[in-house]
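Residues per chain are reported as follows:
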Amino acid sequence: MNLNVDAEKENTYDAIVVGTGISGGWAAKELTEKGLKTLVLERGRMVKHPDYPTATKDPWDFAYGERPTQEDLKQQGVQARTGYTIKQGTKHWFVNDLENPYTEVNRFDWMRGYHVGGRSLTWGRQSYRLSDLDFEANAKDGIAVDWPVRYKDISPWYDYVESFIGVSGQAEGVPQLPDGKFLPPMELNCVELELKKSVKNKFNRLITIGRTAHATAPLLHSPQRGTCQFRNLCSRGCPYGGYFSSNSSTLPAAEKTGNMTLRPNSIVYELIYDEKKGKATGVKVLDGETGEQTEFFAKVIFLCASTFGSTFIMMNSISNRFPNGFGNDSGELGHNIMDHHLSVGAEADVEGFEDQYYSGRRANGYYVPRYRNIGSDKRDYIRGFGYQGSASRQGWASVVGELNIGADLKSAVSSPGKWTVGMGGFGEILPYYENFVVINKEKKDKYGLSTLTFDAILRENELKMRKDMAADAAEMLDAAGFKNVRTYDKKIGVGLGIHEMGTARMGKDPKTSVLNKWNQVHACKNVFVTDGSFMTSSAAHNPSLGYMAFTARAVDYAVGELKKNNI
Amino acid sequence: MDRREALKRTAWIMGGAVSAPAIAGILKGCAAKPTIGWKPVFLTMDQGILVSQVAEIIIPKTDTPGAIDTGVPGFIDLMLKDTYTKEDQDYYLAGLNAFDEEAKKQHGDPFIELSAEKQEAFVKKVHDAAVVDAKNKKGEPKRPFILMTKELTMLGFFTSEPGATQVLQYVAVPGSYHGCIPLAEAGNGKTWAT
């Protein structure tokens, strides 16, 4: 009896954070800086900044020209669907699909990294603010539920997180893409500048340099981070701390407080709910290495395990009070899966600019903010899309299909090739109840835990939008005078954008949403969910910056409520 | 009457049977069979020799190292073994055999036993025909043996240190980005390796 009490005391913290990715790192930083003794649980292995095993390797240090082997593709076949993640330099940041299976009714791409830092190590780093165009959209269109927040609620928190992580970008004064606290912007190259001019003159649309979480100037508050070195090897992990990751930024900040206990190999599979207290008292943890099961307790719990990670934990937490999944009075848990649909756009060849080039490797491109269905523009679909693109000069690979061979090949390849340019759309996906995920108790993972089954597709609105996404891109490239303009529209699964969202959405009404405007579970006030699952609509741009802002805001609220003894 | 037939008759006339390798030796003026300094793990020795010779023709040693200097043939062998599907392996080997058969048809000898000049001319002919053929086809048809070998050779070579740093230019840590500059001011003006 006493032993149990002691064990419980030893395993009790002020706060528990589940997950160490972009949201978990921020929750850890904010909670610990506010003085809470915080247990941070990560299901995967330890990764400490700056220990990234492939980060400083040169091309010749890799076998297979860095390409995946057939064995890699067997172990990580789903993760390889992106076409860019399973390489010799990055494959260790993605899960083994044989050990971590899931079921897809329609093709569904679930890209995951189970280690400290999660996908903050491999994210695309593009950082955009939502605007009231996005926050008001559901209400105006009369679909799904209204966001319970507006831009003015979240704007100061965007300021706060941008100032800390460092976002490089150019202020443009465009209402649908609010400016932020920017570090110096990166440069567009010669062809991109030409395209920018043409797109402005002929379409009155904006091309701006991508807003990206790279330190283009020193961040004095994060001395462990240096500035971006323009190596463009980000997804291996950056030993310079040139871009924001949990490992380089928020976790060191949390560590510095002395209030964080970071526990890797700790798979949270269930929330412990106390019916008498009407609260979650802790979490059940399976040790990923030993299989040992432990319980940890805290006054407040932050689920930051990624959209489907947190949704799984909630679905797997069944009690008398919550027979259909934790906090799922509304029946919305697991529904309204969103992502951004992509792999559609256009490419072109560029004549001229032959005596112009660039130096350094810019891990960034240009961005075209949304312009469809704004003001008087009305399409046969709702919402819209943005574009990300870049221009570059071709390298050696373009010569494989040319006549050059022998000494002639060597000399041909040593001169920079023709310029090419492309732009790919990122389109909004509407929150459909019919796009959903359920727990699958039949199929187990390597730990014996249940798995997930996804059933989600792109629907009419997205498919109509894709036609514009290809055609508009071609039109803009053509108008700039570029040659051989060709569109593409690849068949994709939902999930390929790696922006999964929406399965525990926030809303005003507990009957139709899982979380309130503070990311707090409507039906259980001491549990907060701040990963992508809270998103009420997807907007058209990369969402991670928003997860950070909402997480910091939720922690501020939670700690205030704790102090007032409200939770 | 081709040369091989002629030689056989000569041997008969000389009153003795001559083994096939010996015939090959006689044809080559008794030169030793070509060898390679590495042991293939996927290809046979003869296939390894052929791939080495083809790779060196695609990227020869000039004032900078070539395919053989940079270990490209062994790289190709390993790529075939570990990164190709069974289907693509079979496709490559069938293409290699067809390439060799065509060499025999045109020159009467296996490719690896041809003179360097004949090898180079043959590779160029097959290569150019394949490039033209590919350009005339819509979409991205499967590359034939010669272009698969070219792609593998270029991948191996341009990810090697000499390929990346001597034929192309490479800076491990650029430290800055300049988006729009005269070519002459972009390092040494060569193509960036990465």
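Preceding block: the structure.
Residues numbered from 1 in each chain as written. Chains lettered and ligands numbered in written order. Predicted model: local features only at pLDDT ≥ 70, side-chain atom pairs only at ≥ 80, totals over all residues.

(A) Layout of the overall build of chain A. Along its length, chain A carries twelve helices and 20 strands. Taken against the 2.2 N^0.38 rule, which gives 24 Å for 567 residues, the C-alpha radius of gyration of chain A at 24 Å falls within 12% of a compact globule. C-alpha atoms of chain A, sized along the principal axes, occupy 80 × 55 × 50 Å. With 567 residues in all, chain A has 53% of them scored as buried. Counting only contacts in chain A whose residues sit at least 6 apart along the sequence, the fraction spanning at least 24 positions is 71%. (Helix = DSSP H or I, 4+ residues; strand = E, 2+ residues; numbered from the N terminus. Rg over C-alpha atoms; globule rule 2.2 N^0.38 Å. Buried ≥ 20, exposed ≤ 12 C-beta atoms within 10 Å, placed from the backbone. Contact = placed C-beta atoms within 7 Å.)

(B) The overall build of chain B, seen in detail. A count of helices and strands for chain B gives eight helices and one strand. Put simply, chain B runs from its N terminus to its C terminus through helices and strands in the order α-α-α-α-α-α-α-α-β. Across the 194 residues of chain B, 34% fall into the buried class. Of the contacts formed within chain B by residues at least 6 apart in sequence, a portion of 54% connects residues at least 24 apart.

(C) Layout of the sheet that holds strand β3 (residues 103-104) of chain A. All names here are of chain A. The three strands lie next to each other as β3-β18-β17, forming an open sheet whose pairing is mixed. In this open sheet, the two strands that pair with only one neighbour each are β3 and β17 (436-444). Here β3 pairs with strand β18 (residues 450-455) via two bridges, running parallel. Residue pairing across strands places Glu 104 opposite Phe 454, the latter belonging to β18. Docked against the sheet, helix α9 (residues 307-315) engages β17 and β18, running at close to 65 degrees with respect to β17. (Pairing = 2+ DSSP bridges. Axes fitted to C-alpha atoms, helices over the stretch in contact; angles between N-to-C directions.)

(D) Representation of the nonpolar core. Residues and elements named next belong to chain A. The biggest cluster of nonpolar side chains holds 138 residues, and the ones touching the most others in it are Ile 16, Val 17, Val 18 and Ile 301. Of the residues forming this core, the biggest block, ten residues, is contributed by helix α12 (residues 544-563). The contact partners of Ile 16, leaving out residues within four places of it in the chain, are Leu 39, Leu 41, Gly 282, Val 283, Phe 296, Ala 298 and Ile 301. (Core = buried A, V, L, I, M, F, W, Y, C linked by C-beta atoms within 7 Å.)

(E) Inspection of unusual backbone geometry at higher detail. Residue and element names in this part refer to chain A. Across the junction of His 49 and Pro 50, the peptide omega takes the value 0 degrees, indicating a cis bond. With a phi close to 70 degrees, Arg 383 is a non-glycine residue in the positive phi region. Looking at the element boundaries, Arg 383 is found in the loop between β14 (366-368) and β15 (385-393). Since 24 C-beta atoms lie within 10 Å of it, Arg 383 is described here as buried.

(F) Looking closely at the interface of chain B and chain A. Each partner contributes residues to the interface: chain B has 46 residues there, and chain A has 42 residues. Of all the secondary structure elements, the ones that give two or more residues to the side of chain B that touches chain A are α3 (45-58), α4 (72-83), α6 (116-136), α7 (145-158), α8 (161-167) and β1 (178-182) of chain B. Alignment of strand β13 (residues 356-359) of chain A against β1 of chain B, held across three bridges, turns out to be antiparallel. Each residue of the ladder has a partner; that of Ser 359 of chain A, found in β1 of chain B, is His 178 of chain B.

(G) Summary view of the pairing of strand β10 (residues 293-303) of chain A. Residues and elements named next belong to chain A. The sheet contact formed by strand β1 (residues 12-18) and β10 spans six bridges and is parallel. Counterpart to Ile 16 in the pairing with β10 is Ile 301. Bridge count for strand β9 (residues 279-287) against β10 is five bridges, and the pairing is antiparallel. Paired with Val 285 across the bridge in β10 is Thr 294.

(H) A look at the environment of Gly 163 of chain B. Residues and elements named next belong to chain B. Tracing the sequence through the fold places Gly 163 in helix α8. Residue Gly 163 is classed as buried on the basis of its 29 C-beta neighbours within 10 Å. Those residues in contact with Gly 163 that lie beyond four places of it in its chain are Thr 70, Phe 157, Phe 158 and Leu 168.

(I) Structural detail: α3 of chain B. Residues and elements named next belong to chain B. With 14 residues, α3 should cover 20 Å at 1.5 Å per step; its first-to-last C-alpha distance of 20 Å lies within 8% of that length. Across the 14 residues of α3, eleven count as buried, placing the element largely inside the fold. If you check which residues of α3 are buried, you get Gly 48, Ile 49, Leu 50, Val 51, Ser 52, Gln 53, Val 54, Ala 55, Glu 56, Ile 57 and Ile 58. (Expected span 1.5 Å × (residues − 1).)

(J) Fine view of the packing of helix α2 (residues 22-33) of chain A against α12 of chain A. All names here are of chain A. Between α2 and α12, the shortest axis-to-axis distance is 9 Å and the interhelical angle comes to 30 degrees. It follows from the interaxial angle that α2 and α12 lie roughly parallel. For the crossing formed where α2 meets α12, the hand is right-handed. Two secondary-structure elements touch here, α2 through Ile 22, Ser 23, Trp 26, Ala 27, Glu 30 and Leu 31 and α12 through Ser 544, Tyr 547, Met 548, Thr 551, Ala 552 and Val 555. When grouped by side-chain class, the residues that make up the contact of α2 with α12 number eight nonpolar, three polar and one charged. (Parallel < 35°, antiparallel > 145°, perpendicular 65-115°, else oblique. Left-handed = near helix turned anticlockwise from the far one by under 90°. Nonpolar A, V, L, I, M, F, W, Y, C, P; charged D, E, K, R; others polar.)

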